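So the chains spell out like this:
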Amino acid sequence: KKFAVFASGNGSNFQVLAEAVNNGLIEGTIELVVCDQPNAFVVQRANELHIPVFTFQAKNYPSKADFEKEIINELQQRDVDFIVLAGYMRLVGPTLLEAYSHRIVNIHPSLLPSFPGKDAVGQALKAGVKITGVTIHFVDEGMDTGPIIAQKAVEITPDDTHETLQGKIQQVEHSLYPQVVNQMIQQLDRSKKEEEQNK
Ligand code: GRF
């Protein structure tokens, strides 16, 4: 199976996904990185790994539908089967959702539905909860909504700062995301086989 990773910033999740592809943990290939911040570190990571990157700037398009059409074109040219969001700081619009219906997943640094949106780590610290975590979910039109695929809890200890908690959460993300992406590939393979048998 072929997938694309969408990111806007650092790209540490992209990096572990690419490594998991290279060592065979993920039985698929990353065909493209899509990035809305041309100067983001993820672009450099992708270049080093020789993975093609499509960058764009939303401000250069009249609407979201316009840049999403261009993204879809890039994805279809490369036969991309599904999309993995990894720190993509934009809401996916109806154009892309329709083209990749039930084939877009996201990772979020909290136990959803708690603390959706920006700075989930800061939100959890401010709320004083003792447990937060990581959620991987299918993407729908909402902000960090959509059916949950996997979750893992992370304990918040009294000495945690934003930085240490973020570190703990990212560690969990980096082991969970490759596993779940591979499960998704197996699932897509099974559905395809069933479809063929029912023809
Ligand atoms: C992750 O914490 C992810 O949960 C959130 O954005 C962050 C991306 O980190 N959606 P990175 O760019 O993969 O390092």
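Residues numbered from 1 in each chain as written. Predicted model: local features only at pLDDT ≥ 70, side-chain atom pairs only at ≥ 80, totals over all residues.

Attention shifts here to the confidence of the model for the protein. The pLDDT averaged across the protein works out to 97; a share of 100% of its residues lies at or above 70. Among the scores for the predicted complex, ipTM is 0.97 and pTM is 0.96. (pLDDT = per-residue confidence, 0-100.)

Here the focus is the packing of helix α5 (residues 120-127) against helix α6 (residues 162-197). One way to put it is that α5 packs onto α6 with a least axis distance of 10 Å and a crossing angle of 120°. Considering the angle they form, α5 stands oblique to α6. The handedness of the crossing between α5 and α6 is right-handed. Two secondary-structure elements touch here, α5 through V121, G122 and L125 and α6 through H162, L165, Q166 and I169. (Axes fitted to C-alpha atoms, helices over the stretch in contact; angles between N-to-C directions. Helix = DSSP H or I, 4+ residues; strand = E, 2+ residues; numbered from the N terminus. Parallel < 35°, antiparallel > 145°, perpendicular 65-115°, else oblique. Left-handed = near helix turned anticlockwise from the far one by under 90°. Contact = placed C-beta atoms within 7 Å.)

On to the sheet that holds strand β5 (residues 104-108), then. If you walk across this open sheet you meet the seven strands as β3-β2-β1-β4-β5-β6-β7, and the pairing is mixed. Since the sheet does not close on itself, it has two edges, and those belong to β3 (53-55) and β7 (148-155), each with one partner. Each neighbouring strand pair of the sheet contributes to a mean axis angle of 20°, computed without reference to strand direction. In this structure, strand β4 (residues 82-85) lies alongside β5, joined through three bridges in parallel fashion. (Pairing = 2+ DSSP bridges.)

Quick look at the UniProt feature "domain: Formyl transferase N-terminal" (unreviewed entry) in the protein now. On the UniProt side, "domain: Formyl transferase N-terminal" (unreviewed entry) is annotated at positions that read residues 1-181 here. Across residues 1-181, helical content stands at 37% and strand content at 23%; the span's end C-alpha atoms are separated by 11 Å. (UniProt positions renumbered as here; feature names shortened; annotations may be inferred.)

Attention now moves to α6. The end-to-end C-alpha distance of α6 is 51 Å, a good match for the 52 Å that 36 residues give at a rise of 1.5 Å each. For α6, the set of buried residues is L165, K168, I169, E173, L176, Y177, P178, V181 and M184. The elements touched by buried residues of α6 are α1 (12-22), β4, β5, α5, β6 (131-138) and β7. (Expected span 1.5 Å × (residues − 1). Buried ≥ 20, exposed ≤ 12 C-beta atoms within 10 Å, placed from the backbone.)

Next up on the list: the packing of α1 against α6. In contact at an axis separation of 9 Å, α1 and α6 are set at 45° when each is read in the N-to-C sense. Here α1 is positioned oblique relative to α6, judged by the angle of their axes. For the pair α1 and α6, the sense of crossing is right-handed. Of α6, the residues touching α1 (which contributes S12, N13, V16, L17 and A20) are Q170, E173, H174, Y177, P178 and V181. Residue composition of the contact of α1 with α6, grouped by class: six nonpolar, four polar and one charged. (Nonpolar A, V, L, I, M, F, W, Y, C, P; charged D, E, K, R; others polar.)

A word on unusual backbone geometry. Following L112, the chain continues to P113 via a peptide bond in cis, the omega torsion being 10°. Take P113: it is sitting in the loop between β5 and α5. One non-glycine residue, D144, lies in positive phi territory at about 60°. By the element assignment, D144 lies in the loop between β6 and β7.

So, about the site of the ligand. Near the ligand you find 14 residues, and of these N10, S12, N13, G87 and P109 are the closest. Residue assignment for the shell around the ligand shows that the elements contributing at least two residues are α1, β5 and α6. The element that contributes the greatest number of residues to the shell around the ligand is α1, accounting for three residues. Partitioning the shell around the ligand into residue classes produces five nonpolar, eight polar and one charged. (Near = placed C-beta within 6 Å.)

Our focus in this paragraph is α5. Given 3.6 residues to a turn, an α-helix orients residues that are three or four positions apart in the same direction. Buried residues of α5: A120, V121 and A124, and no others. Down the axis of α5, the sector holding all buried residues measures 105°, keeping them to one side. If you follow the buried residues of α5, they end up packed against β5, β6 and α6. (Arc of directions from axis to C-beta.)

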